[in-house]
Amino acid sequence: MTAPRRVWPLFSSLLTPVLLWCAYPGGGEIWQLLFVALIPFLHALPLMSGRRALVCGFLVGVLHYLLVLYWITTVVGRYGGLPLPITIMALVLLASFMASYTAIFAVLARAMLVRASLLASLLVIPAIWIGLDWLKSWLFSGFPWMDIGYALAGEPLLIQSADVFGHSGLSYLLVLINVLLVLVIYNLRYLRAVLPLVVLVGVLAGGAGFYSVERWDEVSARLTDPNTPKTVMGIVQGNIDQSEKWSKDNQQRTTDIYIENSLRLRTDEGAAKRPELVVWPETALPYYPQTYQDIGTLIGFVESRQMAVLTGAPWFELRDRATRDIRYFNSAQLVQPGIGFSDYYHKSHLVPFGEYVPMKRFLPFLEPLVESVGDFSAGQVEEPMVWNESRIGVLICFESIFADIGRAWVKSGANVLVNLTNDAWYGKSSAPHHSMAMTVFRAVETRRSVVRAANTGISGFIDPRGQVDEPSAIFTLWAHAEEVALLEGETVFVRWGYFFAPVCLILGVLIGGLYAGLPSGRIRQGRDYVIRG
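All values derive from a computational prediction rather than experimental measurement.

1. Regarding the overall build of the protein chain
Each helix and strand in the protein chain was counted, giving 16 helices and 14 strands. Based on the C-alpha atoms only, the size of the protein chain along its principal axes is roughly 80 × 55 × 40 Å. In the protein chain, buried positions account for 55% of the 533 residues. Nonlocal contacts in the protein chain, meaning residues at least 24 apart in sequence, comprise 73% of its contacts between residues at least 6 apart. About 22,200 Å² of surface is accessible on the protein chain, with carbon and sulfur atoms providing 61% of the total.

2. Things to note about the confidence of the model for the protein chain
A residue-level look at the protein chain finds 91% of positions with pLDDT of 70 or above and a mean pLDDT of 90. Confidence drops under a pLDDT of 50 for residues 521-533, and excluding neighbours within four residues, the segment shows 36 contacts in the predicted structure.

3. Brief notes about the environment of Lys 411
For Lys 411, the position within the fold is in helix α13 (residues 403-411). The sequence separation of Lys 411 and Val 450 amounts to 39 residues, and the corresponding C-alpha distance is 16 Å.

4. Here we look at the packing of aromatic side chains
Tallied over the full model, the rule gives 22 aromatic pairs. Between Tyr 287 and Tyr 292, the aromatic rings sit 3.7 Å apart at their centres with planes inclined by 15 degrees, giving stacked as the arrangement. Take Tyr 292: its relative accessible area is 12%, and that puts it in the buried class. Connected via pairs of aromatic rings, a cluster forms that spans Trp 71, Phe 143, Trp 145 and Tyr 426. Directly above the ring of Phe 475 sits Lys 428, whose terminal nitrogen or CZ lies 5.8 Å from the centroid.

5. Overview of a nonpolar patch on the surface
Together, Phe 165, Trp 496, Phe 499, Val 503, Ile 506 and Leu 507 make up a nonpolar patch on the protein surface, roughly 590 Å² of accessible area in all. When residues in the nonpolar patch are grouped by element, the largest group, 3 residues, is from helix α16 (residues 500-516). The exposure class of Val 503 is partly exposed, given its relative accessible area of 41%.

6. Brief notes about the pattern of salt bridges
Counted by the stated rule, this structure contains 12 salt bridges. Among the ionic pairs, Asp 133 bridges to Lys 136, the shortest N-O distance being 3.2 Å. One end of the pair, Asp 133, and the other, Lys 136, are both in helix α7 (residues 118-136), 3 residues apart, so they sit about a helical turn from each other. Between Arg 465 and Asp 463 there is a salt bridge; the shortest N-O distance is 2.7 Å. In this structure, Arg 465 and Asp 463 share a single accessibility class: buried. One connected set of salt bridges, linked through shared partners, spans Asp 163, Arg 215, Glu 218 and Arg 447.

7. Some words on empty space enclosed by the protein
Evaluation of the coordinates by the stated rule reveals 1 cavity of 30 Å³ or more. Estimates place the volume of the largest cavity at around 220 Å³. Taken together, 21 residues line the largest cavity, and the ones lying closest to its centre are Tyr 65, Thr 102, Trp 129, Asp 133 and Lys 136. At the level of elements, α2 (15-23), α4 (50-68), α6 (84-115) and α7 are the ones that each hand at least two residues to the lining of the largest cavity. By residue class, the composition of the lining of the largest cavity is 14 nonpolar, 4 polar and 3 charged.

Rules used in this analysis
- Residues numbered from 1 in each chain as written.
- Predicted model: local features only at pLDDT ≥ 70, side-chain atom pairs only at ≥ 80, totals over all residues.
- Heavy atoms only, no water.
- Helix = DSSP H or I, 4+ residues; strand = E, 2+ residues; numbered from the N terminus.
- Buried < 20%, exposed > 50% of the residue type's maximum accessible area, 1.4 Å probe, protein only.
- Contact = heavy atoms within 4.5 Å.
- Areas by Shrake-Rupley, 256 points an atom, 1.4 Å probe, with all protein chains shown as cover.
- pLDDT = per-residue confidence, 0-100.
- Phe/Tyr/Trp six-rings, centres within 6.5 Å; stacked < 30°, edge-to-face > 60°.
- Lys NZ or Arg CZ within 6 Å of the ring centre and 35° of its normal.
- Patch = residues over 30% accessible without salt bridge, like charges linked within 9 Å, V, L, I, M, F, W, Y side chains within 5 Å.
- Salt bridge = Lys/Arg side-chain N within 4 Å of Asp/Glu carboxyl O.
- 1 Å grid on protein atoms, 1.4 Å probe; cavity = no way out; pocket = protein on both sides within 12 Å on 5 of 7 lines; lining within 4 Å.
- Points joined across faces, edges and corners; volume = space filled by probe spheres on them.
- Nonpolar A, V, L, I, M, F, W, Y, C, P; charged D, E, K, R; others polar.

Here it is, written out as structure tokens:
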């Protein structure tokens with residue numbers, strides 16, 4: 001193979017990250033591209049050696065994550081206080097780490113395309129992709145940012161099957177369609193061989209579509225049923241500048257902004273719905289309530305209006321006075337009339353290098369990343385907070401991107417989920433759009449309403465179908481109240497469907513690894529119509 005022909009597949013595969021960016025929320029938002037975005041990458045793999053496929057997968061992954069995670073520079077640079085060279089290095093290192101999964105996928109997918117049967121390639125390659133996505137969500141604390149299925153969040157009618165296998169099931173179907181099209185391209189001269197695969201994928205996609213329509217109608221009927229328990233909740237998006245948020249001079253003014261806008265939800269003559277509970281974002285109280293001298297303002301507001309407030313706030317617990325053992329938490333606090341601070345949840349999945357520094361004894365130069373908010377300890381999911389008929393499971397910040405946390409709250413009895421977040425860290429980037437998209441899937445997977453309060457947006461009410469009602473714009477002051485359905489029961493995903501992704505990992509990597517270990521050979525289209533070596 002000549003040099004240009006050897007290099008061309010590598011360059012053409014880089015079209016895949018561009019197509020994905022054009023399909024993703026906050027990018028081009030042309031979601032239809034998801035059905036073809038992986039074709040340049042997958043098509044290139046059989047045309048190169050295993051070593052080149054490894055390099056190709058790594059480069060595709062690096063470009064993809066540079067486009068998806070560019071906002072990291074704002075987080076660690078502007079707000080983390082790190083100099084520009086370290087900021088850029090942090091982005092490149094993170095993108096490179098994430099790209100290692102894409103590199104592994106490329107090697108295993110190439111082996112399947114070159115050596116396995118058409119049917120095995122069709123079914124196993126998506127399993128490899130999903131399995132590595134799941135591993136990425138678990139290994140080294142996990143960072144499952146914008147798996148491919150999440151990009152369908154803006155089309156709720158298409159994602160109702162997420163209550164069976166979660167967002168991973170939708171990701172599998174998208175990759176499956178991309179693999180099918182590549183197999184068709186490689187076997188245009190033998191279309192009879194791939195026709196059964198087309199029928200199989202058509203049945204699977206059609207089945208998923210039919211199920212989605214049926215479930216949409218079924219859940220819609222439950223939402224409109226007068227016997228379905230409902231409550232009215234409010235959200236206040238304070239739009240507090242991150243660079244000024246922790247200033248002592250602005251602490252009371254910040255609290256006043258939230259109180260004033262909560263009051264507006266209750267007193268506006270034009271307001272059709274008056275909330276029983278108002279939700280404020282992550283660390284809406286930019287101080288420790290136990291030691292804040294003016295905390296009576298908040299307590300007095302709750303008492304006078306007989307309305308509960310669920311707010312984010314830093315919290316501390318004195319474990320041992322003698323040894324000065326004090327634990328700090330990023331928490332959600334429920335403030336009730338007549339009681340005050342009555343219930344809490346301490347964030348269980350902390351952000352590495354944002355809320356704590358792993359192995360900080362060996363990485364002292366990263367300490368500035370946590371100086372502004374403290375070095376937090378992790379809590380755990382236990383019993384939901386209770387207010388009237390609401391049993392509230394709380395997702396703080398990026399906990400909403402982990403399906404297992406939402407599932408754990410439902411298993412513990414939550415009938416509504418609340419996501420408190422501060423997306424101001426991301427600046428005016430695609431990240432708030434990504435964060436909202438991932439949160440939408442928590443609603444569908446668990447069939448729970450999700451109330452999302454973000455400091456600077458995107459805030460909104462997500463119903464159990466994944467439909468977002470009038471979401472806020474980013475970086476605007478916003479307050480809104482809506483009736484929220486309190487559904488019960490456990491979905492297939494909550495009970496056992498969450499096993500789908502780890503099973504994909506085991507089977508996909510095992511089968512792909514077996515084929516990768518076979519003797520290499522040239523690609524040919526054999527008389528049995530199989531691309532193999």
